[in-house]
There are 4 protein chains.
Amino acid sequence: MEKANGKAKNVRIAYIGGGSRGWARYLMSDLFLDDRMSGTVALYDIDFEAARDNAVIGNKMNELPDKKSDWKFVMTESLQEALTGADFVVISILPATFDEMEVDVHWPEKYGMYQSVGDTVGPGGVIRALRTIPMFKVIAEAIKEYSPNAWVINYTNPMTVCTRTLFAVFPEIKAFGCCHEVFGTQELIANVYNTKTGGHATRREIDINLFGVNHFTWVNEARYKGEDLMPMMWQYAMENPEGDSFKTLNWMNKMFQSNSAIKLDLFKRYGVLAAAGDRHLCEFVPADWYMKDHETAAKWKYALTSVAWRKQDKADRVKETKELVAGTKPVALKASGEEGVNQMAALAGLGSYVTNVNIPNCGQIPNLPLGAVVETNAYFSGDCVRPLYAGAIPDAVNHLVIRHSYNQEEIVKCTLAGDYEGAFKVFINDPQMRLPLDQARKMYDEMLYETRAYLPDYEKYVKSRNK
Amino acid sequence: MEKANGKAKNVRIAYIGGGSRGWARYLMSDLFLDDRMSGTVALYDIDFEAARDNAVIGNKMNELPDKKSDWKFVMTESLQEALTGADFVVISILPATFDEMEVDVHWPEKYGMYQSVGDTVGPGGVIRALRTIPMFKVIAEAIKEYSPNAWVINYTNPMTVCTRTLFAVFPEIKAFGCCHEVFGTQELIANVYNTKTGGHATRREIDINLFGVNHFTWVNEARYKGEDLMPMMWQYAMENPEGDSFKTLNWMNKMFQSNSAIKLDLFKRYGVLAAAGDRHLCEFVPADWYMKDHETAAKWKYALTSVAWRKQDKADRVKETKELVAGTKPVALKASGEEGVNQMAALAGLGSYVTNVNIPNCGQIPNLPLGAVVETNAYFSGDCVRPLYAGAIPDAVNHLVIRHSYNQEEIVKCTLAGDYEGAFKVFINDPQMRLPLDQARKMYDEMLYETRAYLPDYEKYVKSRNK
Amino acid sequence: MEKANGKAKNVRIAYIGGGSRGWARYLMSDLFLDDRMSGTVALYDIDFEAARDNAVIGNKMNELPDKKSDWKFVMTESLQEALTGADFVVISILPATFDEMEVDVHWPEKYGMYQSVGDTVGPGGVIRALRTIPMFKVIAEAIKEYSPNAWVINYTNPMTVCTRTLFAVFPEIKAFGCCHEVFGTQELIANVYNTKTGGHATRREIDINLFGVNHFTWVNEARYKGEDLMPMMWQYAMENPEGDSFKTLNWMNKMFQSNSAIKLDLFKRYGVLAAAGDRHLCEFVPADWYMKDHETAAKWKYALTSVAWRKQDKADRVKETKELVAGTKPVALKASGEEGVNQMAALAGLGSYVTNVNIPNCGQIPNLPLGAVVETNAYFSGDCVRPLYAGAIPDAVNHLVIRHSYNQEEIVKCTLAGDYEGAFKVFINDPQMRLPLDQARKMYDEMLYETRAYLPDYEKYVKSRNK
Amino acid sequence: MEKANGKAKNVRIAYIGGGSRGWARYLMSDLFLDDRMSGTVALYDIDFEAARDNAVIGNKMNELPDKKSDWKFVMTESLQEALTGADFVVISILPATFDEMEVDVHWPEKYGMYQSVGDTVGPGGVIRALRTIPMFKVIAEAIKEYSPNAWVINYTNPMTVCTRTLFAVFPEIKAFGCCHEVFGTQELIANVYNTKTGGHATRREIDINLFGVNHFTWVNEARYKGEDLMPMMWQYAMENPEGDSFKTLNWMNKMFQSNSAIKLDLFKRYGVLAAAGDRHLCEFVPADWYMKDHETAAKWKYALTSVAWRKQDKADRVKETKELVAGTKPVALKASGEEGVNQMAALAGLGSYVTNVNIPNCGQIPNLPLGAVVETNAYFSGDCVRPLYAGAIPDAVNHLVIRHSYNQEEIVKCTLAGDYEGAFKVFINDPQMRLPLDQARKMYDEMLYETRAYLPDYEKYVKSRNK
């Protein structure tokens, strides 16, 4: 890229998973709505057609009158082609297909175990990790070869272990993982503040300190222009035993909604505010608490997202894509609320700022393992992401967090070593797991079998089991 | 004490809980059966009569022909009197009465929660800690004042938090906690070795490396004269899916027996050998695993020790004591297998050796919190206990251990501060806890109420709850 | 203070050392030149008259047409009066008089030891610490009592140990130490960049990463809008063996000037750039290197600042002050280039930013002791200063830095405990010290004697020496 | 080896540097004087003849009537042959010849820098490290290939970096470094005790706690049967300002003697007792203190060992060897006082004990870098060496120790990477170094040139310098 007059030209972004009908579109819009950068986005996807469609859609957007910058979109047919010359690399892939995700999420139901998302921790998270980590190994090696100086932004789940894999394979990589879950808590805090004071705080104005692992982060400080908002939040939690009173949406129909009943219950338990949404939080604690079955979920005012729903949702998006490509539906620019473009601009030297991010722990959280990927705030400036010191997680909460951090370190290590026996230890160590050892093993073996097409070391494991 | 010719004379031992009908008698026997030390034992107990009975019994033992050393026993009526001039202090007390212990162990049954011992962790362990820690505060302050240079050996449960309290109140104290649970695992290993090889290894010859917290320690290395025995133990675990084949005792009738079925199940889960007995191990993991109810316990071949049984056992011991005092039953010397006398002799400069011990973590276990009391091997020499480096607990196991270590640190801190609200966080953080927040609170409040006579800050808590 | 419309009104600043003729004036000017805050500055000084003069001068400034905000200055006669109600506390005091400083700096010359500044480390720094730490103890206790929630900015040397004392005495204090030495290095880098590229970078646009202790910080990364400037700086160092070619001032006449010859020599030794000025740097390394005598100093193109010069400088300032108060010389506003006002504004919630700061190490520099005061960048936002992770100091340099960090921790501990025997260990451990033990002791005892009026535990020390 | 009846037969020891006329002979004697083990010693040396001579001598010893065990000695012509089947590997080599050592020790005299030993730190230690580390790399790789399960004992200097190299190249190696310097301090303490009390303590009965790096270890606790001897040592130091009064030997004629004047001076400085002999201690602190020149050494009652003396000593030993081989001088058994045979016996499972040892820091010294080789006590038992927790070195001393620890870590890293530019940083960071940068570089380059025959990366360095 070249810089002049406070702007960056000829920026090159490689988008791995460039056929994405969600995240890729958000990024396109955001790029056009920011005037600081212009350049080219190389879309790479194993589904060439999906990437080509996105290129067509992106180039149509470039014709829109409300765009603030110029971007060209090209479909590429190899990682090498996409990555060569890249200033930034974005990774948002679906590991395997929704059929495998169906195994992740629903197979454990045969054993009485339910999951709300199933892509981060729990049986679904572990099995998904086993097939995603090898993909990230390939990507990390390609980045090392073709664009070692590019900044890499990962959006893929399981966020923590995917990002950790990038660093495990290519330790000098300039990478971080990015997730919007925290923003919802900032919005909740802003809502509470505005309601109680008549103020006009916005999400980005709520300064928080956060620590934890992705989808299980915690907020111990929240301020608006220096005013401590935690007492106000505690009062709010006491006043709303049923959960967030701002949510009037019918969460039953909304697969991704909740009213923060779990967030506030955890707040009452520990005195710190869980930062992710309820659908994620419930997966990190013993399943009995909030996720025993559909009834328990309903009691806590959220829904267990089914993969059938995801399949239907995808079909809708494919249909819409065809219309956008054909021009029967017009393209349009809409701000996503995501931070990706701001982060890239900061890294391009166009303005520094602080936001939350997933990177290896170098001490920003002194009581989680060094090297494990953690989520805290970081300072973004020209070519530099530097974590802010977040402090120690309170012990009462940390036993919940460190357990996952250990498991995540272990699953990356085992998967890279092709050690599915070691991975089974992670499987049984998850707080969702309530089965006796033999039942847990049976379920594990079945889930591996069902997703074996994406498990490079499956045969090796079967052999070792049969010895 | 004075030393000459490799022996120590005029040794003074203060025994707090000196009316004990179990541990105190073991120590008496062991003292007489060792020829290295002689002196006086000052017995202090809030039950003066029990201490006086033990003094009588001890002095009778001093008349036995098979004794190897001279010991005089005196009953003392105050901590000051007992401690002044002491070289060693032994603490083995029953905090409160079996009525309170009945609340600890059996009250949670109203909520469907069963416990096998109930004196270390779980609801019973937390409530017991709340009343025991203040007692240890008094003892630590008395030691600081009357015998600051004495070596202090604690046998009281909850071992970890009691020992931790001594150091919290008097940081320069020379203290350690002592427990025999590990010996059973050394015996099991010796049995396996002898059976498989025709050898004659004894318990003390089995060199182990161990780490963890009391009643939840783990062995990752075991050798006999340099030979690695862990592969043999793994083979043994595989061959004995039902548990330890050496145990022919009818565990159903034995309140303190088990056949290591849980120990071996955990071994199969994690690849390291749990060192305590099954009755303790089952309390440190989610209750679903091994301790859901009496049936589950029976399936795993152990029994949930009832306090009714303890009360009967005590009555038997009281009766026997009267006979011993009256002379209708003769006193006798019998080696207990405990390490207390060997430890004292080493500290007196009469021979150094290595044994397991509970002391604050200064890095012997790098992945448990510094300062928390942990159990590892230590080197005992003249006036010195120095931990051996034990190494990091494998991550897959450590999430189980560190959770308790966090809780134990927290319960000490909260109890010393009179913060029963903070202690409730520990109560709900225990892996045995499966109740929703409101049910857990109800049970906690009831258990506090039932044991309030021994809770110095109970009224303060009630007031804060009623605000 | 009250906030509205992005501004803060009724801000109250307590200035301890408010008679200062240097730092206090800089702050006054900077306050008037910033439009974000207005309020009152309470000037406290043991020299009441000096504080009163500054109040007069400040209030005159308030009449100037180019001021951007309103400030009122009042002289206060006690810490209590100054601190009560304060939002911010600024500390810039001269500990004792220039007579004591003359002992600090020049007494060691009798033993062949020269010093360039003598207020941070070395014999002068240690003796100065012994009399300054007790003053900061008094200040910290007053802040704890009268303004525990105020933000405290320290400018006094020895910066590190003064700031450390604040935290040692009042651990919850919201304090940091502030020093401009680093800015000079940012300016040097900007100069090099602009010269080599024809660019227009300013000091504040040079992003650096820094670590170390005050007056001995190091820069391992420097960027301008994301461009790595370290290779350019290395080339510059190679091309300028005699030091900084930008400095055309006659450093011989300038007591506070240098041409960075030492900075660049250290750069060539270690590959990281020392951030303070040469007059400070030379005091942190063995005196042989750069500060053996006046000739050595001249060779390295800087001067050893004499206290005689400081006395004359003070006399000039006193004279000027009288003129300003009398109105025979007009007051004027002039930006100082310091960061104090920006820091206060950020803490008031009026805009967050990153700057360098001295605060206790919580892990921002993992290879310096936890708790020791270190200098790194930190993120300033509403009511919050949060260090950025700076990383480990390269080992080759850290042996120089950690030595001082150890000494600084020790001198604070010893001085607060009145242990001048322990302080002597620090005295002989300083890298400037080349004397044999007995000579070092003689010099130490003499310097203590000469400054005994300000040493609260002097008599105690003399007694222990005479035993 | 095979074990039976508390003895080990067919033990195989590989001795690398097996032509040694000092250490190898000590070990031979010690082996024959211990009845617990018997077997074969394979002697390997690049000087085949010297190894053959030692084999002859060893086999002659086997005929002596006072031997307690049977040992066979064989000369081997390759590392592979020596190592294959080894239970133990002993390494005691002279890296290069005394000509190179002459450069190490005496070349710096041209620049006014004198050294007492010159084989551990300082200019001599660094240059020696540069040629020794590559030799240890070869040895470590051979051990990894031919005897990965053998226990490896290193006696070669620089002890710390040689031992560190073994672990750097083969992390799973079972190795430790062994040095007798500490024993002298135990003897001194025993002497003081016996003199003051009329007691009969022996060296091995003095329990000490020690920490540091080899040749620069410190004792903070010393006890005899539990009695604290440190106050007695302090009194002794005060009473003997000229040094150890027990030493009546004429140290001027004894190249390896001293009277502990430096040891006691350091004790007075820091309150902890330096454990190595004065000839080593003086090399670890600024050279001005005790080693400025021959006069300074004389004043401190020790001599700077010249390499000319070593050459003469070697000639004497060669002559004696020929006589022993020819039978003109009879062989004899004499206990060396070294611990090697006891250590091997313990590792063979024949009795556990505690002694001091050099191994990587896993936390036994919490304020030295993890992984760096440090010296503390360790517990030797069957197939296991486990460090005792030694504790943090007092800060006042640690700045001296950690500096060397950093340098040692760096020199190993740089040498293995062939980075002599990086090694120069270590060269100038040594406390003996007083030269300006250009003079230091000149001396470094000359010393490299003079020893280039043993420096594998010399040409690479010259090229980079000439660029």
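Our subject is the structure that appears above.
Residues numbered from 1 in each chain as written. Chains lettered and ligands numbered in written order. Predicted model: local features only at pLDDT ≥ 70, side-chain atom pairs only at ≥ 80, totals over all residues. Heavy atoms only, no water.

1. A word on the overall build of chain A
Thinking step 1. The helix and strand inventory of chain A stands at 18 helices and 14 strands.
Thinking step 2. For chain A, whose C-alpha radius of gyration is 22 Å, the value lies close to the compact-globule estimate of 23 Å for 467 residues.
Thinking step 3. Seen through its principal axes, chain A has C-alpha atoms that stretch 65 × 60 × 45 Å.
Thinking step 4. Residues counted as buried form 62% of the 467 residues belonging to chain A.
Thinking step 5. Partitioning the intrachain contacts of chain A with sequence separation of at least 6 by distance along the chain shows that 71% fall at a separation of at least 24.
Thinking step 6. About 16800 Å² of surface is accessible on chain A, with carbon and sulfur atoms providing 51% of the total. (Helix = DSSP H or I, 4+ residues; strand = E, 2+ residues; numbered from the N terminus. Rg over C-alpha atoms; globule rule 2.2 N^0.38 Å. Buried < 20%, exposed > 50% of the residue type's maximum accessible area, 1.4 Å probe, protein only. Contact = heavy atoms within 4.5 Å. Areas by Shrake-Rupley, 256 points an atom, 1.4 Å probe, with all protein chains shown as cover.)

2. Some thoughts on helix H14 (residues 340–347) of chain B
An α-helical turn contains 3.6 residues, so a residue and the one three or four places further along point in the same direction.
Residues and elements named next belong to chain B.
Thinking step 1. Where burial is concerned, most of H14 is hidden: seven out of the eight residues are buried.
Thinking step 2. All buried positions along H14 are accounted for by Gly340, Val341, Gln343, Met344, Ala345, Ala346 and Leu347.
Thinking step 3. Gly349 lies just past H14 and shows a positive phi near 85 degrees.

3. Details of the packing of helix H5 (residues 122–146) of chain A against helix H17 (residues 437–450) of chain A
All names here are of chain A.
Thinking step 1. H17 packs onto H5 with a crossing angle of 45 degrees between their chain directions and a minimal axis gap of 11 Å. Here H17 runs oblique to H5, going by the angle between their axes. In terms of crossing hand, the pair formed by H5 and H17 is right-handed. Only Met443, Tyr444, Met447 and Leu448 of H17 make contact with H5, whose side of the interface consists of Pro123, Gly124, Ile127 and Leu130. (Axes fitted to C-alpha atoms, helices over the stretch in contact; angles between N-to-C directions. Parallel < 35°, antiparallel > 145°, perpendicular 65-115°, else oblique. Left-handed = near helix turned anticlockwise from the far one by under 90°.)

4. Here we look at the side chain of C:Gln343
Thinking step 1. Turning to its location among the elements, C:Gln343 is positioned in helix H14 (residues 340–347).
Thinking step 2. Sequence-distant contacts of C:Gln343, that is, excluding residues within four places in its chain, are made with C:Ile153, C:Phe176, C:Cys178, C:Tyr353, C:Thr355, C:Asn356 and C:Phe380.

5. Overview of unusual backbone geometry
Thinking step 1. The residue after B:Asn157, namely B:Pro158, is reached through a cis peptide bond having omega 0 degrees.
Thinking step 2. In this structure, B:Pro158 sits in the loop between strand E6 (151–154) and helix H6 (159–169).
Thinking step 3. The residue A:Asn5 is not glycine, and still its phi comes out positive at about 55 degrees.
Thinking step 4. According to the relative accessible area criterion, A:Asn5 is exposed, its value standing at 77%.

6. Comments concerning the interface of chain C and chain A
Thinking step 1. Of the residues lining the interface, 21 residues belong to chain C; the matching set on chain A comes to 21 residues.
Thinking step 2. The junction of chain C with chain A conceals about 1900 Å² of combined surface from both sides, 51% of it contributed by carbon and sulfur atoms.
Thinking step 3. Its largest share of buried area at the contact with chain A, chain C owes to C:Lys225, C:Arg386 and C:Tyr389, together 32% of the area lost on that side.
Thinking step 4. Between the two partners, chain C and chain A, sit ten residue pairs in polar contact (both at pLDDT 80 or more).
Thinking step 5. Put simply, the parts of the chain that give the side of chain C that touches chain A at least two residues each are strand E8 (206–213), strand E9 (216–224), strand E13 (373–381) and strand E14 (384–387) of chain C.
Thinking step 6. Looking at which element gives the most residues to the side of chain C that touches chain A, the answer is E14(C), with three residues. (Buried area = accessible area lost by both parts, 1.4 Å probe. Polar contact = N/O pair within 3.5 Å; in protein donor to acceptor, adjacent residues only side chain to side chain.)

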